[in-house]
Amino acid sequence: MTQLFRLCIILMMVISLAACGTSKDDKDTTDDSDKKTEEKAAKKKDVLPICPQVAIIRDIDQVQDYGTEKPDPSELVGQSKMLKVNGDCGYQDNGIDIKFDLDFISVKGPRLGGLRATFPYFVAVVDPQQNILNKERMTLQVGYSSDSKVQTQTESLHIFIPLSKADRAAGPNYQVLMGFQLTQEQLDAVIQKRDKPVEGN
């Protein structure tokens, strides 16, 4: 009886210790789980929406200036093309602050009298409903060297889109679009070229 009693005591102690250990492990696991949930919630709260699209408009990404003459290579004053755009944005309590670089390449034409040329272009802000909120006209000032007809340069630009903190989720649906400010004749030429059927079709 004595040995059996001692065995029962030992078994009860082992079960009791195991129960205590299980309770502690469960508590630690619960604490870790709660901590991870809180961390995930905090990270989710701090994550900001992606930046609005900043893009060059196809078809009006280049311009040829013939002055008042008919389009002909010998009458070309100059031409320029938007190559690429790179930038980033920051969300603030009252809006989105966007900074980007716009790269150009320009070519001097035979009718340019001098080493300087200008090309008007624009930067427009478009809302999620495709309404133009703002359109700012700018001028690319190009200076050629005496021994080169080609010039590359970068324009650093800054756009601010007013947007309340409550509407921040709509930020990615805004757009910043740019292209050359074409005359009606230049625009007609672009449309004609775009709509021209491909040979062989």
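Refer to the structure printed above.
First things first, this report covers the structure right here in the doc. Since the structure is predicted, the reported quantities are computational estimates derived from the model, not experimental observations. (Residues numbered from 1 in each chain as written. Predicted model: local features only at pLDDT ≥ 70, side-chain atom pairs only at ≥ 80, totals over all residues. Heavy atoms only, no water.)

### Observations regarding the overall build of the protein
Here is step 1 of the chain: Helix and strand counts for the protein come out as 2 helices and 8 strands.
Here is step 2 of the chain: Ordering the α and β elements of the protein from the N terminus gives α-β-β-β-β-β-β-β-β-α.
Here is step 3 of the chain: Per-residue burial for the protein yields a buried fraction of 27% across its 201 residues.
Here is step 4 of the chain: Considering only contacts in the protein between residues 6 or more positions apart, those separated by 24 or more positions represent 68%. (Helix = DSSP H or I, 4+ residues; strand = E, 2+ residues; numbered from the N terminus. Buried < 20%, exposed > 50% of the residue type's maximum accessible area, 1.4 Å probe, protein only. Contact = heavy atoms within 4.5 Å.)

### Section: the pattern of salt bridges
Here is step 1 of the chain: All chains considered together, the criterion is met by 4 salt bridges.
Here is step 2 of the chain: The partner of Asp93 in a salt bridge is Lys165, and the shortest N-O contact between them spans 3.8 Å. Here the residue Asp93 occupies a position in the loop between β3 (78-92) and β4 (95-108), and Lys165 occupies one in the loop between β7 (150-162) and β8 (175-180), the gap between them amounting to 72 residues.
Here is step 3 of the chain: Asp93 gets classed as exposed once you look at its relative accessible area, which sits at 55%.
Here is step 4 of the chain: A single network of salt bridges, built from pairs that share partners, joins Asp93, Lys165 and Arg168. (Salt bridge = Lys/Arg side-chain N within 4 Å of Asp/Glu carboxyl O.)

### Side note on the environment of Pro162
Here is step 1 of the chain: Inspection of the secondary structure assignment puts Pro162 in strand β7.
Here is step 2 of the chain: A C-alpha to C-alpha distance of 6.5 Å links Pro162 and Ile96, two positions 66 residues apart in sequence.

### Some details on the pairing of β4
Here is step 1 of the chain: Bridge count between β3 and β4: 14 bridges; the pairing is antiparallel. The partner of Gln92 across the bridge, within β4, is Gly95.
Here is step 2 of the chain: Between β3 and β4, which pair antiparallel and follow one another directly, the connecting turn spans 2 residues.
Here is step 3 of the chain: Sheet analysis places β4 next to β7, joined by 13 bridges and oriented antiparallel. Considered in β7, the bridge of Phe100 is made with Leu157. (Pairing = 2+ DSSP bridges.)

### Description of the sheet that holds strand β5 (residues 116-126)
Hydrogen bonding along the main chain pairs the strands of a sheet, whether they run parallel or antiparallel.
Here is step 1 of the chain: In space, the 4 strands of this open sheet follow the order β1-β8-β5-β6, with mixed pairing throughout. Every interior strand has two partners, whereas the edge strands, β1 (53-56) and β6 (132-143), have only one. When strand polarity is set aside, the average angle formed by the axes of neighbouring strands in this sheet is 20°. (Axes fitted to C-alpha atoms, helices over the stretch in contact; angles between N-to-C directions.)

### Quick look at the sheet that holds β7
Here is step 1 of the chain: Taking strand neighbours across the sheet as the criterion, the 4 strands line up as β2-β3-β4-β7 in an open arrangement whose pairing is antiparallel. Strands with a single pairing partner mark the edges of an open sheet, and in this sheet they are β2 (62-65) and β7. Taken over all neighbouring pairs, the strand axes of this sheet differ in orientation by 25° on average, direction set aside.

### Side note on the nonpolar core
Here is step 1 of the chain: With 33 residues, the main nonpolar core has Tyr121 and Val123 as its most contacted residues.
Here is step 2 of the chain: Broken down by secondary-structure element, the contributors of at least two residues to this core are β3, β4, β5, β6, β7 and β8.
Here is step 3 of the chain: At 7 residues, the largest contribution of residues to this core is made by β5. (Core = buried A, V, L, I, M, F, W, Y, C linked by side-chain atoms within 4.5 Å.)

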